[in-house]
Amino acid sequence: MQDKNRHPLTAQNRGQFKRTALATTLAALTCIHAAQAQETSEDNTSEIVEEVFVTGSRATIQTTIDIKRNSTTIVDGMSANDIGDMPALSIGEALENITGASSHRENGGATEISIRGLGPYLSATTFNGRTASNGSGDRSVNFSQFPSELINKLAIYKTQDASLIEGGVAGLIALETVKPLDYGKRRFQVEVKGGIQPNQQNIDNSMSGDIDVRGSASYVDQFEFDNGAALGISLGYEQSDISQPESEMRMSSPSGTSQFACINDPNAPDRGYYLANANDCEGPGDDDDYNTVVDPETGKAYDDGLNYAFAPSSNGYRQNDTSDEREAIFAAIQFQPTDKLDINVDYQVSERIRAEKRQDLNFANMKRTTPGVTPENLVVSDTGAISNWQGETAIESNSELFYQDEEYTGYGLNVAYDFTDNLTVSADYSFSETTRESQLYKLRLRSDNFDTSLEPGTSTYRPMVQWDTDSGIRQYTIVDFDVTDPTLFSSNYRLRLDNDLDRTNTIEAGRLDFDLSLNGVITGVKGGVRQSELQYIDMGPENRREILLDTSDHRIVQSINESCYIDFPEDDFLGAERDGALITIVDPQGNVVKETNSWATFDTACVAERLAEENDTDLAFGELPLNKANITDVSESTTAAYIMADFDSELMNKTVRGNFGVRVVQTEVESVGFRTDYTIQDSASETGLALVPVDGADLERVVAGNDYTEVLPSVNVIVDLREDLMLRGAIYRGLSRPEPADMSYQRSFTPNDEENITSLDQLLNNVSGDGNPYLAPLTSWSFDAAIEWYPNEDTMLTFGLYHKKFQGGFETNHVTEEFNIDGQILPASFDLTETNEDSSNLTGFEVTATHNFSYLPGFLSGFGFKTSYNYADSDFEFEDSLYGDITVRNEAGEVTSQKIGIVEPGNVPGFSEHVFSGQLYYSVGDFDASLIYKYRSEYFQPYTSNGTRLRFVGDTGVWETRLSYYITDNVRLSLEGINLLDEPKVQYHFSNDNLGEVNSYGPRIYFGVKAKFQ
């Protein structure tokens, strides 16, 4: 049985983890020392040199050593010896094998990547040297969009030089496909993989069937012409149809208005959980949650000293059946008409279609308090997390049909010309665009005081429910209500058709560079300019249609209920996470009537069609018009120029080499919003001032913007202490820009409809603002030092220290902005996320060791390992916008009042204190096997929909394995397993003990066959 209490590391087990990492490092040192001693002995006894060709894990690890050793900056990466040899099922999972890299998991797969414990928005990603777009509204890249079968090289630049594209305080992730002439040989290759997932096998009539399928084909060739010209082509195609089933225990998120801190204190009568009558604990006015505003008379929050508990709108379970289809085409042409001119054209297109069938059991009134029951049974931690609740609540059998289509298109042209033997000039143009659209059917069926036959006393609208988290997830006891009986879900039939998402992110860029080789201490000078244009458009909140059913005619309800009922789709639901039954049904005396792990479920499409039929309507989704209020339309123009010099000299008989340079970046942001056009009614009228909408007018287009210039110097130095030992150092200034979605200019208000208004500043009510186009970038000075030892091609031991000093952070302020309405300036105030001038620090170290035991006798010579560990500590503070510290300012920027938060701030988004990966491999001849463990400690992961609320992802440790065997020189069999021990993803809201969500994916096993022809 797995440990169900997956909470963040305590001080004790943090220390244990550090000791384990230290022991691993010491063991690596011992092995490497033994290897060096053995090699020295062999060198003294024999001068025979035998060239050994290695493949598999050993060959891949040798490429990681080569990449790190031969780079001027501090870089970790890997390169496949052949197309399709990248050792992972996805790019995200491959990147996790690189020192200091860790992933965020969605649907069981690695998606966003953090570097050295810093979140993805602090990193930059390039694809073939160009910035890549995404459909998330941030600057991270969803690596599951790119097939690993068609990627040939991965690298993470942890320090920067002036020639690298700016944007990554944490580092730069570089993805590369093959250049056909550089590849140098003809190759046609086909690979097919079939996957089995136990959770998928448990689902009846799974959307993707019982077997996942992935297939890829690639072709590389070169052609030489009589005039000395050469042409290379590379083509790649990948198609996959896989399932990503997910079993969930869930709570409504705090990203909107679905979770609040309700007062839970008997000293505050008729408030919160101690209301005199049954009601939501926020109070009848929905404004009775914990008040963090500072009382000027006491200097403390108005509710200081009162106990509270975080109350979500609902809790429940979700059973998920998914289909994930992807098709990708990569193409490249490399043409060298002369030995001086190199022309490269590349093109990539990828389409990913995700569909999900979701079945929810929802306990709808989790904010509700039942007097005499709820407060007496509430168990709450010091941080407001509820671990036991009891009360009356409505129960729903809900379902959803979700569809998302994401398309990526990228292409580029690069031309390089050698004007002389020492001077090369290159020009590059690139285009990248991602579009993401999604639509959603949301169906609700609710409990009532009767069943579908209208028999009285057969059901209860709000039965008594109790739940606790003793086993690590919520498990429920229900009095006299059988959730498996479909006839009890007889009320509030509602269908919502949400045209949920329409986003487009486009990046177009051009650059011109020169590379001049020199003789002397300065061995070369590089420089260039780059211009890029980013545009991000989000069509705003969903366009929602709603279809309701008149349930007064129970015969219609009964007919729909009977004809659309389906058996629960999954066996052993949440079997790996639960301890006993999820739901226990008891009679009024407390006697157990039934234990179940399922509930009554319905065919969403069937019910939707019946509801549309009864309402004489269709099931079409509403359009998302471009001029709709709340649209996000952000344009970002960037101009950058750099100059950098390479040097190579000697100091105290040691070679000293590296580079130094500066990059200057100028950025302009324009953000467009739309709002209703108003006129101001003349004050001479009897009713005074008033805002009146302009009849028939289009929404008014309003624009805001920002610009800034940053100077980014950098120095990288390498000291070759001896042939196999080097010392590195780097100092550089980096920046990370705000997310495009956070720079929207959405401003909305409702006019004040009171009479006899005489002042302009009284005309606006309920002003809200979302997005801030004036956000400044987060900058940092970074200092890196590392010592690296390379005794042979299989062995590496490195130790690095780094320190980052951040300038700027994010806080929620109550600000005042001025609105130009009908030529008049109207001030209005609202909460807004702003960039402050606070400074913070991050300090860490990383250790990497890799070694192959080739000197051992017999079969032992095939063993090897690679291990890495990163530790970081930061004092960065990210305040929650609802219950964190908030400053209120007036028009002049002066502090007028404050809110004192009740939740501890988060750290840097994506920050993990500990990141560890270890790989034990065995590679002999045609056989290769690896066992891999990846660990990441808890981290703060902002919501995409509202990045100002705190959400934490708990510690995660995942086991993987890979085996392969060449049955001939050209045919390889492979077996790959991911998440072997079924590690879930656990999320917490507001604090790291307020259990919000548990996502169970199960293991995934893939069997593959690859054939290559030359």
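Residues numbered from 1 in each chain as written. Predicted model: local features only at pLDDT ≥ 70, side-chain atom pairs only at ≥ 80, totals over all residues. Heavy atoms only, no water.

**What about the overall build of the chain?**
Applied cut-off: Labels follow the DSSP assignment, with helices taken as runs of H or I lasting at least four residues and strands as runs of E lasting at least two, numbered in each case from the N terminus. Contacts between residues were defined by any pair of non-hydrogen atoms, one from each residue, lying within 4.5 Å. We get accessible surface area from the Shrake-Rupley algorithm with a probe of 1.4 Å; when it comes to residues, only the shown protein chains can shield them.
Along the chain, the regular secondary structure elements total 8 helices and 55 strands. Considering only residue pairs separated by 6 or more positions, the chain has 75% of its internal contacts joining residues 24 or more positions apart. Of the roughly 41000 Å² of accessible surface on the chain, 50% is carried by carbon and sulfur atoms.

**Considerations on the packing of aromatic side chains**
Inclusion rule: A pair of aromatic rings is counted whenever rings of Phe, Tyr or Trp (Trp by its six-membered ring) have centres within 6.5 Å, and the orientation is called stacked for planes under 30 degrees apart, edge-to-face for over 60 and tilted otherwise. Only when the NZ of Lys or the CZ of Arg is both within 6 Å of the ring centre and within 35 degrees of the ring normal is a charge said to sit over the ring.
Across all of its chains, the model carries 33 aromatic pairs by this definition. Directly above the aromatic system of Y939 lies the positively charged group of R936, at a separation of 3.5 Å from the ring centroid.

**Considerations on the nonpolar core**
Condition: Within this scheme, the nonpolar core is defined by two criteria: the residues are buried Ala, Val, Leu, Ile, Met, Phe, Trp, Tyr or Cys, and they are joined through side-chain atoms within 4.5 Å. Partly exposed describes any residue whose relative accessible area lies between the buried limit of under 20% and the exposed limit of over 50%, with all areas from a 1.4 Å probe on protein chains only and scaled to the type maximum.
Counting 102 residues, the largest nonpolar core has L95, L154, Y273, Y317, I395 and L611 as its most contacted members. Formed by 15 residues, the second largest nonpolar core is a distinct cluster that contains I680, L691, A828 and F830.

**Here's the deal with the packing of helix α7 (residues 554-564) against helix α8 (residues 604-614)**
Note the threshold: Here the axes come from fitting lines to C-alpha atoms, over the contacting stretch only for helices, and the angles between their N-to-C directions go from 0 to 180 degrees. Any angle that is under 35 degrees is reported as roughly parallel, and any over 145 degrees as roughly antiparallel; angles of 65 to 115 degrees are reported as roughly perpendicular and all others as oblique. Each crossing gets its hand from how the near helix is turned against the far one by less than a right angle, where anticlockwise is left-handed and clockwise is right-handed.
Between α7 and α8, the least distance of the axes is 9 Å, while the angle of their chain directions is 155°. Here α8 runs roughly antiparallel to α7, going by the angle between their axes. Read as a crossing pair, α7 and α8 show a hand that is right-handed. Along its contact with α7, which presents I556, S559, I560, S563 and C564, the element α8 presents C606, V607, R610, L611 and E614.

**Considering the sheet that holds strand β31 (residues 592-596)**
Inclusion rule: Pairing between two strands requires that DSSP report at least two bridges joining them.
Spatially, β20-β21-β24-β25-β30-β31 is the arrangement adopted by the 6 strands of the open sheet, whose pairing is mixed. Both edges of this open sheet fall to β20 (379-380) and β31, since each of them pairs with a single strand only. In this structure, β20 lies alongside strand β21 (residues 386-392), joined through 2 bridges in antiparallel fashion. Each bridged residue has a counterpart across the sheet, and for V379 the counterpart in β21 is N388.

**Remarks on a negative patch on the surface**
Just so we agree on the cut-off: The patches reported here contain residues having more than 30% relative accessible area and no salt bridge. Joining distances are 9 Å for like charges and 5 Å for nonpolar side chains (Val, Leu, Ile, Met, Phe, Trp, Tyr). The term salt bridge refers to a pairing of a side-chain nitrogen on Lys or Arg with a carboxyl oxygen on Asp or Glu at a separation within 4 Å. Positive charge is attributed to Lys and Arg, negative charge to Asp and Glu, and no charge count is given to His or to the chain ends. Note that the charge is assigned to NZ on lysines, CZ on arginines, CG on aspartates and CD on glutamates.
Where like charges cluster on the molecular surface, the negative patch consists of E837, D838, D873, D875, E877, D885 and E904. Tracing the backbone through its elements, the reader meets E904 in the loop between β46 (895-899) and β47 (914-924). Assessed through its relative accessible area of 65%, E904 is described here as exposed.

**Comments concerning unusual backbone geometry**
With a phi angle near 55°, D572 is a residue other than glycine that sits in the positive phi range. Within the secondary structure layout, D572 lies in the loop between β29 (565-566) and β30 (583-586).

**What about the pairing of strand β27 (residues 522-538)?**
Of the pairings in the sheet, the one linking strand β26 (residues 489-517) to β27 comprises 15 bridges and is antiparallel in character. Its bridge partner being in β27, E508 is matched across the sheet by E533. From the end of β26 to the start of β27, which pair antiparallel, there are 4 residues, and G520 there has a positive phi angle of about 120°. Where β27 meets strand β33 (residues 632-651), 16 bridges bridge the pair, whose relative direction is antiparallel.

**Describing the state of the cysteines**
Cut-off, in case you're wondering: Two cysteine sulfur atoms form a disulfide, by the criterion used here, when they sit within 2.5 Å.
Under the criterion given, the structure shown has 2 disulfides. One disulfide in the model links C262 with C281; its S-S distance is 2.0 Å. Residues C262 and C281 are joined by a disulfide whose S-S torsion is about 65°; by sign, that bridge is right-handed. Residue C262 is located in strand β12 (residues 259-263), and its partner C281 is located in the loop between β13 (279-280) and β14 (294-295); the two are separated by 19 residues in the primary sequence. Residues C262 and C281 agree in their burial class; the two are buried.

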